Amino acid sequence: MIYTVTFNPSLDYVAGVARFQEGKLNRTIKEEMFPGGKGINVSIVLNNLGIESQALGFIAGFTGREIKARLDVLGIKQDFIELPEGLSRINVKLQNFAGEDTERPGKIEETEINGQGPCIGESALDAFEEKLEKLTEGDYLVLSGSIPNSLPPYIYSKLCALATNKGAKVIVDASRELLKSVLPQRPFLIKPNHVELGELYAAEVKTYEDAALYARRLQEAGARNVLVSMAANGAVLVAEDGNIYRAKAPEGVVRNSVGAGDSMVAGFLYGYLQNGDYEEAFYEGVFAGSATAFSEGLAKAEEIEVIRESYQRL
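Reference entry: report on the structure contained in this document. (Residues numbered from 1 in each chain as written. Predicted model: local features only at pLDDT ≥ 70, side-chain atom pairs only at ≥ 80, totals over all residues. Heavy atoms only, no water.)

Secondary structure assignment for the protein chain yields ten helices and 14 strands. Taking 314 residues into account, the globule formula puts the C-alpha radius of gyration at 20 Å, and the protein chain, at 19 Å, falls close to it. Its C-alpha atoms put the protein chain at 55 × 50 × 40 Å along the principal axes. By the burial criterion, 52% of the 314 residues in the protein chain qualify as buried. (Helix = DSSP H or I, 4+ residues; strand = E, 2+ residues; numbered from the N terminus. Rg over C-alpha atoms; globule rule 2.2 N^0.38 Å. Buried < 20%, exposed > 50% of the residue type's maximum accessible area, 1.4 Å probe, protein only.)

Structure follows, in structure tokens:
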């Protein structure tokens, strides 16, 4: 079983307006609402690819119940801990369209306002860790994104150690200290983007060679596999089998950057579960990440298939 962790899920509200005017009444021409959070995104894309997972984390209040309800509709298994106080956050994304036509919007400016979310107390965290006792060999644990201020900074390292000791493979998509903290636990896969990778070493990562150089350092520090997404410049995988794989970015019009990295993680897992081949897992990650970037929402199987069929490998 694949378990995805989202400590601070959200109800994401996307509001589109035509020619936004600050300080004036603006009416929407487009509205959407969906469950959000990096681990949840991974579960949704896995589900779109026919792979079952279970979403873990914390919810609170009426917004938390709505997140759960919307995941139920999507068919996502979940085992959230419901907190007694507070509200799961609402994240607002304002899209400013250049015109009234949302199908051909022209230039779009996006502004995001993210909520804080509820406080996660010590007893709730203990209850969460007890849920991970069910992990066994062959399971996967995906730790994604930042953590709320109410959690200790070492939480990813602790959970990584717990899962690894159970024989599960751990995947971490985080940045800076959160990412560095898990390296001694030898996670199965880490997925920094090129900016996050550069931040770790106070360097600019612009080329495949740059990405491979610093990814190898992360591997030497403990990570078994390092997958680096590089936006329009493609991606690089430094694998534990000694190979370095690189891919150019598929051709397409970028319409959405939210969830592309999470989709890459889901695609990698999907590919790896087929036959344990790192190269195929790598390319499936590239296809899934790009499919999300080229669409309005998270990648669907048919959108990934279109890219898979047309892509020319290096």
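One open sheet holds the four strands; their spatial order is E3-E2-E7-E8, and the pairing between them is mixed. Edge positions in the sheet fall to strand E3 (28-36) and strand E8 (108-113), since each has one partner strand and no second. The sheet shows a mean angle of 15° between the axes of neighbouring strands, taken without regard to direction. Contacts from helix H2 (residues 61-74) reach strand E2 (10-18), E3 and strand E7 (89-97), with the element oriented near 85° to E3. (Pairing = 2+ DSSP bridges. Axes fitted to C-alpha atoms, helices over the stretch in contact; angles between N-to-C directions. Contact = heavy atoms within 4.5 Å.)

Bringing the layout of surface pockets into the picture now. One number sums up the size of the second largest pocket: a volume of about 160 Å³. Taken together, Lys248, Ala249, Pro250, Glu251, Val306, Ile307, Ser310, Tyr311 and Gln312 make up the lining of the second largest pocket. The residue inventory of the lining of the second largest pocket, partitioned by class, reads five nonpolar, two polar and two charged. (1 Å grid on protein atoms, 1.4 Å probe; cavity = no way out; pocket = protein on both sides within 12 Å on 5 of 7 lines; lining within 4 Å. Points joined across faces, edges and corners; volume = space filled by probe spheres on them. Nonpolar A, V, L, I, M, F, W, Y, C, P; charged D, E, K, R; others polar.)

Turning our eyes to something else, we now look at unusual backbone geometry. Peptide bonds are, in most cases, trans, and in most cases residues other than glycine have a negative phi. With phi around 50°, arginine 19 is a residue other than glycine that occupies positive phi space. Positionally, arginine 19 belongs in the loop between E2 and E3. What makes arginine 19 partly exposed here is its relative accessible area of 47%.

Quick look at the side chain of asparagine 91 now. Mapped onto the elements of the fold, asparagine 91 is located in strand E7. Its relative accessible area of 8% is what places asparagine 91 among the buried residues. A distance of 3.4 Å separates the side chain of asparagine 91 from the side chain of aspartate 12, its partner in a polar contact. Residues in contact with asparagine 91, not counting those within four places in the same chain, are Ser10, Leu11, Asp12, Tyr13, Ile113, Asn114 and Gly115. (Polar contact = N/O pair within 3.5 Å; in protein donor to acceptor, adjacent residues only side chain to side chain.)

What follows deals with the packing of helix H1 (residues 38-48) against H2. Closest axis-to-axis distance for the H1/H2 pair is 11 Å, and the angle between their directions is 15°. Accordingly, the angle class assigned to the pair H1 and H2 is roughly parallel. Crossing hand, H1 versus H2: left-handed. Of H2, the residues touching H1 (which contributes Ile40, Ile44 and Asn47) are Ile67, Leu71 and Leu74. (Parallel < 35°, antiparallel > 145°, perpendicular 65-115°, else oblique. Left-handed = near helix turned anticlockwise from the far one by under 90°.)

The next thing to look at is the packing of aromatic side chains. On inspection of all chains with the given rule, the structure shows 15 aromatic pairs. Taking 6.4 Å as the distance between ring centres and 35° as the angle between the ring planes, the aromatic pair formed by phenylalanine 188 and tyrosine 278 counts as tilted. Highlighted residues: phenylalanine 188 in the loop between helix H5 (176-182) and strand E11 (189-190) and tyrosine 278 in helix H9 (residues 278-293), separated in sequence by 90 residues. Looking at phenylalanine 188, the relative accessible area reads 1%, which means it is buried. (Phe/Tyr/Trp six-rings, centres within 6.5 Å; stacked < 30°, edge-to-face > 60°.)

The geometry of a pair of packed helices is captured by two quantities: the angle between their axes and the separation between those axes. Relative orientation of the contacting elements H1 and helix H8 (residues 260-275) amounts to 45°, with a least axis distance of 8 Å. With respect to H8, the axis of H1 lies oblique. The handedness of the crossing between H1 and H8 is right-handed. Only Asp262, Ser263, Val265, Ala266, Leu269 and Tyr270 of H8 make contact with H1, whose side of the interface consists of Lys38, Asn41, Val42, Val45 and Leu46. The residue inventory of the contact of H1 with H8, partitioned by class, reads seven nonpolar, two polar and two charged.

Attention shifts here to the pairing of strand E13 (residues 235-238). Neither face of E13 is exposed, since Ala235 and Leu237 on one face and Val236 and Val238 on the opposite face are all buried. Sheet analysis places strand E12 (residues 226-229) next to E13, joined by four bridges and oriented antiparallel. Residue valine 226 lies in a different strand from E13, and its bridge partner there is valine 238. The hairpin turn running from E12 into E13, its antiparallel successor, is five residues long, and alanine 231 in that turn takes a positive phi close to 55°. Bridge count for E13 against strand E14 (residues 244-247) is four bridges, and the pairing is antiparallel. What sits directly across from valine 238, in E14, is isoleucine 244.

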